[in-house]
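Examination of the molecular architecture
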Amino acid sequence: DSGVTQTPKHLITATGQRVTLRCSPRSGDLSVYWYQQSLDQGLQFLIQYYNGEERAKGNILERFSAQQFPDLHSELNLSSLELGDSALYFCASSARVSGGPYNEQFFGPGTRLTVL
Amino acid sequence: TQLLEQSPQFLSIQEGENLTVYCNSSSVFSSLQWYRQEPGEGPVLLVTVVTGGEVKKLKRLTFQFGDARKDSSLHITAAQPGDTGLYLCAGTPPIIEYSGAGSYQLTFGKGTKLSVIP
């Protein structure tokens, strides 16, 4: 158990809908990262938050947004869903915002999103 | 954009055999991490290598970071069915490439899917 929790475990929805994925980082970790994993693209970095502020953006679509709350949990909002958004979405947390090579990230169990 | 190429993509071996998985890039990384992911689960960190030429051992797993810090390998001795999973390498860019906010992201390879047959 990494200490990172994600809900829900599975989510099935229709095209055009909006969903919210939730992540609680390990106790004490201030950085939260969101990743998307699909069969053909591998693990793709979406966005990072540190202590409530956005710190880095990766391949995140404009239809997707995220935020980190004062209690450090984070939510990833996916809107106007398309079939191609079906994937595993992982949240990871780390103690550091940056600071050298030991940015070891701890991953949650993921949310499997299926868009029909 | 820094890319990490992993090879082979798929590997199926018999229990007791040895194997090596490779992670290569044309870019320099300040560190490389290896993760293992089982179906339906998140990646689990195995090791971080930082220094060029560094070798780290974790029981039957041996990790090496290339001298130029552009590549890494994972060697498993006497593989067991419990070693089955997706092995991912992930690199951290050199410090000079960190964004102005002092943040950076891990770049992941696409992984090597290992099956160890009893």
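This write-up is about the structure you can find in this document.

Rules of the game
- Throughout this document, residue positions are counted from 1 along each chain, in the order its sequence is written.
- Chain labels run from A onward and ligand labels from 1 onward, assigned in the order the entries are written.
- For this predicted model, a pLDDT threshold of at least 70 governs which residues receive local features, and a threshold of 80 or more governs which side-chain atom pairs are given and counted, while totals over whole chains, interfaces and linings are taken from all residues.
- Computation of side-chain values: all heavy atoms of the structure, hydrogens and water removed.
- By convention a nonpolar core is built from buried Ala, Val, Leu, Ile, Met, Phe, Trp, Tyr and Cys residues, the set being connected through side-chain atoms within 4.5 Å.
- Burial classes: relative accessible area under 20% of the type maximum marks a residue as buried, over 50% as exposed, and values in between as partly exposed (1.4 Å probe, protein chains only).
- Every residue pair with non-hydrogen atoms within 4.5 Å of one another is taken to be in contact.
- Secondary structure follows DSSP: runs of H or I at least 4 residues long count as helices, runs of E at least 2 residues long count as strands, and numbering of each begins at the N terminus.
- We call a pair of cysteine sulfur atoms a disulfide when they lie within 2.5 Å.

**Description of the nonpolar core**
Core analysis: the biggest nonpolar cluster contains 21 residues, and A:L21, A:W34, A:L76, A:L78, A:Y89 and A:L113 have the highest contact counts within it. Among residues more than four places away in sequence, those in contact with A:L21 are A:T7, A:P8, A:L11, A:W34, A:S74, A:E75, A:L76, A:L78, A:Y89 and A:T111. Counting 20 residues, the second-largest nonpolar core is a separate cluster that includes B:L32, B:L61, B:A79 and B:Y87.

**Details of unusual backbone geometry**
Trans peptide bonds make up the majority, and among non-glycine residues the majority have a negative phi. Of note, the bond from A:T7 into A:P8 is cis; its omega dihedral lies within 30 degrees of zero at -10°. Inspection of the secondary structure assignment puts A:P8 in the loop between β1 (5-7) and β2 (10-13). Residue B:P8 is reached from B:S7 by a cis peptide bond, and omega for that bond is -10°. By the secondary structure assignment, B:P8 is in the loop between β1 (5-7) and β2 (10-14).

**Section: the state of the cysteines**
A covalent bond between the sulfur atoms of two cysteines is referred to as a disulfide. All names here are of chain B. Applying the stated criterion across every chain, the model contains 2 disulfides over all chains. In this model, C23 is linked to C89 through a disulfide, with the two sulfur atoms separated by 2.0 Å. For the disulfide bridge between C23 and C89, the dihedral angle about the S-S bond is near 80°, and by the sign convention the bridge is right-handed. Of this pair, C23 sits in strand β3 (residues 19-24) while C89 sits in strand β9 (residues 85-92); the two residues are 66 residues apart in sequence, bridging distant segments of the chain. Accessibility expressed as a relative area gives 0% for C23, which makes it buried. Residue classification places C89 among the buried residues on the basis of a relative accessible area of 0%.

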